[in-house]
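Survey of secondary and tertiary structure
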Amino acid sequence: MSTQRSCDVVVVGGGLSGLYAARLLAAAGVDVLVLEAQSRVGGRTLTGHFADGTFVDDGGQWVSPGQDCIVGLAEELGVGLFPSWSEGATVCWRAGERIVSNDGFLPQDGDAAFAATQTAAAALAGMAEMVPPEAPWMAPRAEEWDATTLHEWLAAHVGPMAARRLPCLFLLGGLAGGRSSGGET
Ligand SMILES: Cc1cc2nc3c(=O)[nH]c(=O)nc-3n(C[C@H](O)[C@H](O)[C@H](O)COP(=O)(O)OP(=O)(O)OC[C@H]3O[C@@H](n4cnc5c(N)ncnc54)[C@H](O)[C@@H]3O)c2cc1C
């Protein structure tokens, strides 16, 4: 069955960005249509539920100081927030093994992996310096970096497999408030 629908603006993708853009346009009186490839909206945010009702977030979950827009939007929409940990031991689950670290740092996989992790983290920080937060599309290498996944970047720049895991965890730790300790990963 084919349907026809005319509109002023088509938003491609119903992740948070597309939905928010559509919300702004609709509020301004624009006739907007959101096209989403999947059977659900939300994109890289997805909450799964266990039979007992507890939940786990498979995608975006934390907001931290500085993410004022998303915090404001959550408040506006009545989406509740609750505190997360930033202190205590770090617990890392890896291949079924539970590793606890009390020194405020993620478990290491040897000196080579640690050094490679530090190099990768410094390189990522250097890249971040080149991206203006208020207009990230104006960064000199915006198009190239926008087309690169974190996995691709790590595979190209970080040798030891063990070291590739840690920058991802650092990033998630940063999103959690700039600390990598005090949670279960
Ligand atoms: C594991 C994980 C943890 C994260 N944790 C955090 C966190 O704690 N805090 C935080 O702030 N951020 C976090 N993020 C990042 C955050 O989830 C994303 O930045 C945000 O959800 C991106 O939203 P978006 O709408 O820009 O893109 P997406 O969520 O990727 O949405 C894009 C949408 O467009 C659709 N689409 C793509 N192409 C087409 C097409 N051609 N036609 C139709 N539809 C299309 C896709 O199906 C998708 O639904 C995390 C991400 C991941 C993966």
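Attention here is on the structure that accompanies the text. These numbers were taken from a predicted model, which means no experiment stands behind them. (Residues numbered from 1 in each chain as written. Predicted model: local features only at pLDDT ≥ 70, side-chain atom pairs only at ≥ 80, totals over all residues. Heavy atoms only, no water.)

**With respect to the overall build of the protein**
When helices and strands are tallied, the protein shows 6 helices and 6 strands. Surface accessibility of the protein: about 13,000 Å² in total, with carbon and sulfur atoms responsible for 59%. (Helix = DSSP H or I, 4+ residues; strand = E, 2+ residues; numbered from the N terminus. Areas by Shrake-Rupley, 256 points an atom, 1.4 Å probe, with all protein chains shown as cover.)

**Observations concerning the packing of helix α1 (residues 16-27) against helix α2 (residues 68-77)**
Two numbers describe a pair of packed helices, the interaxial angle and the distance between the axes. Interaxial distance between α1 and α2 falls to 14 Å at its minimum, and their mutual angle equals 65°. In this structure, the crossing between α1 and α2 has a hand that is left-handed. Note on element contacts: α2 touches α1 through I70, L73, E76 and L77, opposite L16, Y20 and R23. (Axes fitted to C-alpha atoms, helices over the stretch in contact; angles between N-to-C directions. Left-handed = near helix turned anticlockwise from the far one by under 90°. Contact = heavy atoms within 4.5 Å.)

**Section: the pairing of strand β6 (residues 97-101)**
In terms of strand pairing, strand β5 (residues 90-94) meets β6 through 5 bridges, oriented antiparallel. Within β6, the position partnered with T90 by the bridge is S101. In this structure, the hairpin formed by β5 and β6 is closed by a connection of 2 residues, where A95 is found at a positive phi of approximately 50°. (Pairing = 2+ DSSP bridges.)

**Focus: the site of the ligand**
Taken together, 21 residues lie around the ligand, and S17, E36, R44, W62 and Q67 are the ones closest in. At 3.0 Å, a backbone N or O of A37 approaches a nitrogen atom of the ligand. Here the ligand has 1,000 Å² of accessible area as a free molecule, and 63% of this is covered by the chains. Only α1 and α6 (161-175) provide two or more residues apiece to the shell around the ligand. (Near = heavy atom within 4 Å. Polar contact = N/O pair within 3.5 Å; in protein donor to acceptor, adjacent residues only side chain to side chain.)

**Re a nonpolar patch on the surface**
A contiguous nonpolar patch, built from L16, V63, I70 and L81 and spanning about 330 Å² of accessible area, is present on the exposed surface. For I70, the location among the structural elements is in helix α2. (Patch = residues over 30% accessible without salt bridge, like charges linked within 9 Å, V, L, I, M, F, W, Y side chains within 5 Å. Salt bridge = Lys/Arg side-chain N within 4 Å of Asp/Glu carboxyl O.)

**Re the nonpolar core**
Formed by A116, A120, M127, W145, W153, L154 and V158, the largest nonpolar core amounts to 7 residues. If you list the elements that add at least two residues to this core, you get α3 (111-129) and α5 (150-157). With 3 residues, α3 is the largest single contributor of residues to this core. Residues in contact with W145, not counting those within four places in the same chain, are M127, M130 and V131. (Core = buried A, V, L, I, M, F, W, Y, C linked by side-chain atoms within 4.5 Å. Buried < 20%, exposed > 50% of the residue type's maximum accessible area, 1.4 Å probe, protein only.)

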